[in-house]
Every structure is written in C-alpha cells, then in structure tokens.
Amino acid sequence: MLFTEGDPIADTRTPDGPIESRWEQRRFTARLVNPANRRRLTVAVVGTGLAGGSAAATLGELGYNVLSFCYQDSPRRAHSIAAQGGINAAKNYAGDGDSVHRLFHDTIKGGDFRARESNVHRLAEVSTQIIDQCVAQGVPFAREYGGLLDTRSFGGAQVSRTFYARGQTGQQLLLGAYQALARQIHAGSVRSYPRTEMLDLVVSDGRARGVVVRDLVTGEITTHLADAVVLATGGYGNVFHLSTNAKGCNTTAIWRAHRRGALFANPCYTQIHPTCIPVSGTHQSKLTLMSESLRNDGRVWVPVQAGDERVPGDIPEDERDYYLERLYPSFGNLVPRDIASRAAKAVCDSGRGVGPGGLGVYLDFADAIGRLGRDVVAARYGNLFDMYQRITDENPYEVPMRIYPAVHYTMGGLWVDYDLRSTIPGLFVIGEANFSDHGANRLGASALMQGLADGYFVLPAVIGDYLADGPFGPVDADEVAEAEDDVRAGIAALLAVDGDRTAESFHRELGRVMWDLCGMERSEEGLRKALELIPALREEFWRRIKVTGAGSEFNQALEKAGRVADFFELAELMCLDALHREESCGGHFRVESQTSDGDARRDDDRFSYVAAWEFAGVGSPPVLHHEELVFDSVRPSVRSYK
C-alpha cells in the first residue's frame, strides 16, 4: 500500500460572503492584541527573505518580541536577493485594462485552477499596497521619462503589471525589507540570530512553542521558546540538485515541521523555468537563471531542420521556427513558464535543439536592438546581459542567448488555511514555504508579490487572532529535552556512519533520478521506478555517508548531510504525490494525460482538490487528506494561451 486515505480537510477559515469583501471582513473579525500585551508575547520567525524579513520587521514594529533566524551570515543574503525580473501589482499604471479581478483571474488560470480562490483574491488585493510600501522605503523601481513608475509584461498576462528595478528587483526589495528589519533590531524589538539553522520544532501541549537550532559556527544546540512560530524558509527545488536556487536552499525546516504533524500539500508541483543557461557539464553544482523579463523583447526560436549546426547568424529567417509565436499567437513568447518549458523540451527532443548536446534554444534580441537601439536594450537588461557573458563568454548583443528549462520554484509546501496557520496550532507558514497561492504553476513575478504580501500585510493582520489567547504558559522541560535529544541523535547518527561517499555525491545521484523521472514529464512507469530507486539510495546513504569533522564545531559537511537526508524523504513523497495525481495540470505533466496537441489535460472530476499529506514515519505509508477546491468567482476552463 503506497498511502492511506484520511479525513477530508473541512475548515480553511475562509470567510463567507462575496470574494471581494472577504479579506476586509477577516481583518475586522480577527481579534486584536493590545500594545501592552504584545510586549509579553514572543514570535519566532525562521528565514529572512522577503516573507520572513518583512514579517519580522512588521511584527517588531507592532511591538511583539521577535526572534529572527537565518543560516546565512546576514539576513540580507537570503535567496530572495537573486530574484531578477519584477513584482506584479494591479495598479493599472499602464492604462491597459488591468484590475484586481484581472490579476486574480490570471493567477487562478495560470495555476491551472488548482489554487484556493479566497487566498488568490486577497493576494491580488494586497498587491496594490505593496508597491506603495516599497516606494516609501526607497526601493528604486524603474521609472519612465516623466518620473512615473514603469512596468513591463510577464508570462500569462496580456497587460503590463510588473514593476521592476532592472534585473535586480529581488535585491532591491530585500534591501528595503532588511533596512526595516535592521531598524527593529537596533530598537531591540527583534533579536537576530544569523548563522543559525532550525533543526526541529518544539511542540508542547499540541502547540508550536519554539525551535531547536544549531549554531553553524560553534555547533551548539539550543532551544528558543516562543508563543508562535513562523516558517519563511523558501522552497525545496534543490531536491533536484541542479536548480536555480542558491546551494544552501533546503527543505529541512518545513520537513522537520512536517514530521511533527504539519500536513505537506501538493509536494509534486514543481515549476520548471524556461529561461535558464543550459547545463554545461557534470562539474556544475547549480544553474543560473536569465530573467523571464527578457522574453518581453527576446524572441525564442530554433532551426526548422533537425541537425542544423550553422551559427545562428547564418540561418535565414525562413529557416527559423519561432515556435512559441507559432503555437501560441495570443501570448507568443510570454506564455506561462510551464508551457514555454515543455515547448522547449519538445523541439529539443525532436532534434532541433542548439548548443552542446542539443539541449538549448535561442533567445534572440536582434529584432529588439534593431527596433529600439542597443542603448535602450542595455538600459532594460544590461546587468542580465553582463551576467550571461561572464558565464558563457558569449556576447548576447551580438549572438542569441542559449537557454533551456531548469527547476526554479516549488508551488507545494506546508498546508495552511486562510490565516496562514498550519495544522499545528501556533505554527504559521508564509511565502514559498507554504502551498497556498499559486496552484500548479506560478506566474512570473508573483513570488515576490506573495512573499511581501504575507510578511507585510497578511500575517500581521491575522496572527493576533491566535496570540489573543496567549501568553500560553511554560513549556514542559521534558518536551524541550526530547526535541533537543532528537536533534543530537540525528547528528550523531550521521557522524557515526563513517562511510566512503560524500553527501554531495548522493545529492547529485538523487537529483538525477528526480529530474529524469519526476521532472518536466512524469509517467506511471517512471514514478514507480523512482519509488524503488529512492528508498534504495536512501538506505545506501545511511550505510555509506562520510561526514568528516565533529558536531561541536563549524562543519559544512554535516550541514549538507542533514539536508540531503531530508531531501531523500521529501523526494519519495513528491514522487508518490505525482503518481497519485493521474492528471496533468500546470507544472505537473503526466504523459498519460495530454491532448492531441501535447497540452496538459486536467481531470476536474477526480482531482479538483489540494492533496495534503500526513507523515506516518519513514517507511510507513503517508496519509492523504483532501481539501476540495470550490470555484465561485472563476469557472474552471480549458487553459489555453493560443
């Protein structure tokens, strides 16, 4: 038996009434904590990216005692800093017909009707406030000649709603959140713990009451207690080994919370980004993203004839296939990421790919440079062009970029309700660490929107409803000791193996299995094979892992081994989730469920639900809970961008 069926999820705390008024209604009905009582309450926030940094800063500003944890040497080095292209908001500054409802509709459709309507509408509503907040902080968004904020388009939309700061939008937004956080650290309302990794969740009397952490410099294991815990630790795309994520990105925080009882929702929903610099060899440990914004002016093409190895400048126009413009004339090069990725794979599989191994397509700016001039193109994308040239030693002003799909973002994560509460009382999950807003596929420029919406506006408005019952009294010392002992035992087990293989070698092998069998295309045969290979590889890991050094010191080999151990368990659940979902939707593409044109075929009658998994122990079948999706405002339809 691969899994067992559990009770359906009945309560998502979604307010009643028209969808347009639900968020305002929830804000009004949520209980408040008066300022004097906030000083007696402590909130632990794990992660300092856009979601975690903005949440910690805002909660500190409100007067709570905040503990802020990150494994980097500074909060400002969170992976959000790597985001390039922009952030969506329904401001309609371009006057092209955008609105809150259109952003809501585009996001629901982009997620292939696999997201909760109420959460998505709230995201669209709050988006307009985010831009004002960030401008007030001094974020240097691009502006038009007259001084007004500029916007550009991203995939899955026919309006220009993406605000940007050249190709450094994530960096600028994170610095804005960091300066707000630094102000609260200086004021004493936030205590910052850098180089500190969460390794377990303290659950006392059924509530999340703190975190067990390891000091990555000294190796010391300590516990920090709180009245509520907020996880903002990002996604788990590095389960594939090669991804656009920073090397340190991992699943440990949310996976350890999952083991303590938090349901894990839709783990198989993985976003493959179509605009990545292709793999160049087995030496690589990560991949580099080229922003989706480049598809505003770059045209994607491959040679018409298979095996055409001429340099791109020698291939005439009538022998080029601008396949996205041909297949999807309404959206062209700005189709959503999942569709563009599968289209690139299809042309490469047909033998028309370019570059080493035929695993690449061209992203060509010759038309844009001819139409706009090199200076305008450089002003829009110059830092991205410079990055590409440094990595590939090719000048994209003179020759087309070569791109290929790669793992980028994970839409799955810990299950949360409308108030961002997990199934463990007192444990809130925000940003990419939760599952809530994107369904089966995230539209470009919506990750930054969700992170800041959750951190600046949603969490601070709803966490008080939970904390109004606090403070929650002392935590049983035995429960703290048990959690710490579990962490120490896990570290000791890794050190005791003393085998002959590194964690990196296991990670690379796991990633190959995941990419081949649970990547852009999944099949029943492949997923069943993966569910045989992964447990066997995990068993070998616990026989042969070699961790040098000790636990009571700076030890990056130990950090890596612990994260890879969690990736093994997560990978198995991802493949099981992909196997049970016998449909194609968004980034989850089952070869058995496709149209005659090769597009995804959903099965709304059988799978219009969130799959939320309960941990039952390593080697034991997990328990599947369903949250049925109800669509009152947007009618599910065939997802077409043609």
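(A) Structural detail: the sheet that holds strand β13 (residues 270-276). With antiparallel pairing, five strands are arranged side by side in an open sheet as β13-β17-β16-β14-β15. The open sheet is flanked by β13 and β15 (320-321), the only strands paired with a single partner. For strand β14 (residues 299-303) and strand β16 (residues 361-364), the ladder comprises three bridges, and the chain directions are antiparallel. What sits directly across from Arg299, in β16, is Asp364.

(B) Inspection of the pairing of strand β10 (residues 221-225) at higher detail. In this sheet, β10 lies alongside strand β9 (residues 207-215) in antiparallel orientation, the contact comprising five bridges. Along β10, the bridge assignment pairs Val211 with His224. Counting the residues that bridge the hairpin from β9 to β10 gives five residues, and of these Gly219 lies at a positive phi of roughly 85 degrees.

(C) How the structure looks around the side chain of Arg402. Here Arg402 shows up in strand β17 (residues 401-410). Of the polar contacts made by the side chain of Arg402, one reaches the side chain of Glu394; its length is 3.2 Å. Those residues within four positions of Arg402 in sequence are excluded, and the remaining contacts are Cys276, Ile277, Pro278, Val354, Gly355, Pro356, Val361, Tyr362, Tyr388 and Glu394.

(D) Focus on helix α3 (residues 50-62). The terminal C-alpha atoms of α3, which comprises 13 residues, lie 18 Å apart, in line with the 18 Å expected from a rise of 1.5 Å per residue. The buried count for α3 comes to 11 of 13 residues, which makes it a mostly enclosed element. Every buried residue of α3 is accounted for by Leu50, Ala51, Gly52, Gly53, Ser54, Ala55, Ala56, Ala57, Thr58, Leu59 and Gly60. As for α3, its buried residues are in contact with β2 (42-46), β3 (65-69), α6 (169-187), β7 (190-193) and α12 (447-467). Gly63 sits one or two residues past α3 and shows a positive phi near 110 degrees.

(E) Inspection of the nonpolar core at higher detail. Formed by 183 residues in total, the largest nonpolar core has its most connected members in Ile87, Leu231, Leu427 and Leu467. By residue number, the principal contributor to this core is helix α16 (residues 556-580), which donates 14 residues. The residues contacting Leu231, other than those within four sequence positions of it, are Val46, Met198, Ala253, Ile254, Ala257, Leu414, Leu427, Phe428, Val429, Ile430 and Ala433.

(F) Structural view of the sheet that holds β2. Ordered in space as β7-β3-β2-β11-β19, the five strands form an open sheet in which the pairing is parallel. Unpaired on one side and paired on the other, β7 and β19 (427-429) mark the two borders of the sheet. Each strand of the sheet is rotated relative to its neighbour by a mean of 20 degrees, with strand direction disregarded. Sheet topology note: the β3/β7 ladder contains four bridges and is parallel.

(G) Layout of the packing of helix α15 (residues 524-544) against α16. Relative orientation of the contacting elements α15 and α16 amounts to 160 degrees, with a least axis distance of 9 Å. Taken together, the axis directions place α15 and α16 in an arrangement best described as roughly antiparallel. Viewed along their axes, α15 and α16 form a crossing whose handedness is left-handed. Along the contact surface, α15 presents Glu524, Leu527, Arg528, Ala530, Leu531, Ile534, Pro535, Leu537, Arg538, Phe541 and Trp542, while α16 presents Ala561, Val564, Ala565, Phe568, Glu569, Ala571, Glu572, Cys575, Leu576, Ala578 and Leu579. For the contact of α15 with α16, a count of residues per class yields 17 nonpolar, no polar and five charged.

(H) Here's a closer look at the packing of aromatic side chains. Counting across every chain of the model gives 24 aromatic pairs. Between Trp255 and Phe264 the ring centres are 5.9 Å apart and the planes differ by 55 degrees, which places this aromatic pair in the tilted class. Exposure remark for Trp255: the relative accessible area of 2% places this residue in the buried category. Summarising the aromatic geometry, the rings of Trp301 and Tyr322 are spaced 6.3 Å apart at their centres and angled 45 degrees between planes, so their arrangement reads as tilted. Highlighted residues: Trp301 in strand β14 and Tyr322 in the loop between β15 and α8 (323-327), separated in sequence by 21 residues. Pairwise contacts between aromatic rings join Tyr236, Trp255, Phe264 and Phe615 into one cluster. The side chain of Arg122 reaches across the aromatic face of Trp23, ending 5.0 Å from its centre.

(I) Just unusual backbone geometry, in detail. Omega for the bond connecting Gly470 with Pro471 falls within 30 degrees of zero, at -5 degrees, which places this linkage in the cis form. By secondary structure assignment, the location of Pro471 is in the loop between α12 and α13 (477-497). You will see that Asp498, though not glycine, has its phi angle at about 55 degrees, which is positive. Mapped onto the secondary structure, Asp498 falls in the loop between α13 and α14 (503-518).

(J) Main features of the packing of helix α1 (residues 22-29) against α12. Running from amino to carboxyl end, α1 crosses α12 at an angle of 40 degrees, the nearest separation of the two axes being 9 Å. The pairing of α1 with α12 is recorded here as oblique in orientation. The way α1 lies across α12 gives a crossing that is left-handed. Across the interface between the two elements, Trp23, Arg26, Arg27 and Thr29 from α1 touch Phe457, Val458, Ala461, Val462 and Asp465 from α12. A breakdown of the residues in the contact of α1 with α12 according to their chemical character gives five nonpolar, one polar and three charged.

Criteria and thresholds
Residues numbered from 1 in each chain as written. Predicted model: local features only at pLDDT ≥ 70, side-chain atom pairs only at ≥ 80, totals over all residues. Heavy atoms only, no water. Pairing = 2+ DSSP bridges. Helix = DSSP H or I, 4+ residues; strand = E, 2+ residues; numbered from the N terminus. Polar contact = N/O pair within 3.5 Å; in protein donor to acceptor, adjacent residues only side chain to side chain. Contact = heavy atoms within 4.5 Å. Expected span 1.5 Å × (residues − 1). Buried < 20%, exposed > 50% of the residue type's maximum accessible area, 1.4 Å probe, protein only. Core = buried A, V, L, I, M, F, W, Y, C linked by side-chain atoms within 4.5 Å. Axes fitted to C-alpha atoms, helices over the stretch in contact; angles between N-to-C directions. Parallel < 35°, antiparallel > 145°, perpendicular 65-115°, else oblique. Left-handed = near helix turned anticlockwise from the far one by under 90°. Nonpolar A, V, L, I, M, F, W, Y, C, P; charged D, E, K, R; others polar. Phe/Tyr/Trp six-rings, centres within 6.5 Å; stacked < 30°, edge-to-face > 60°. Lys NZ or Arg CZ within 6 Å of the ring centre and 35° of its normal.

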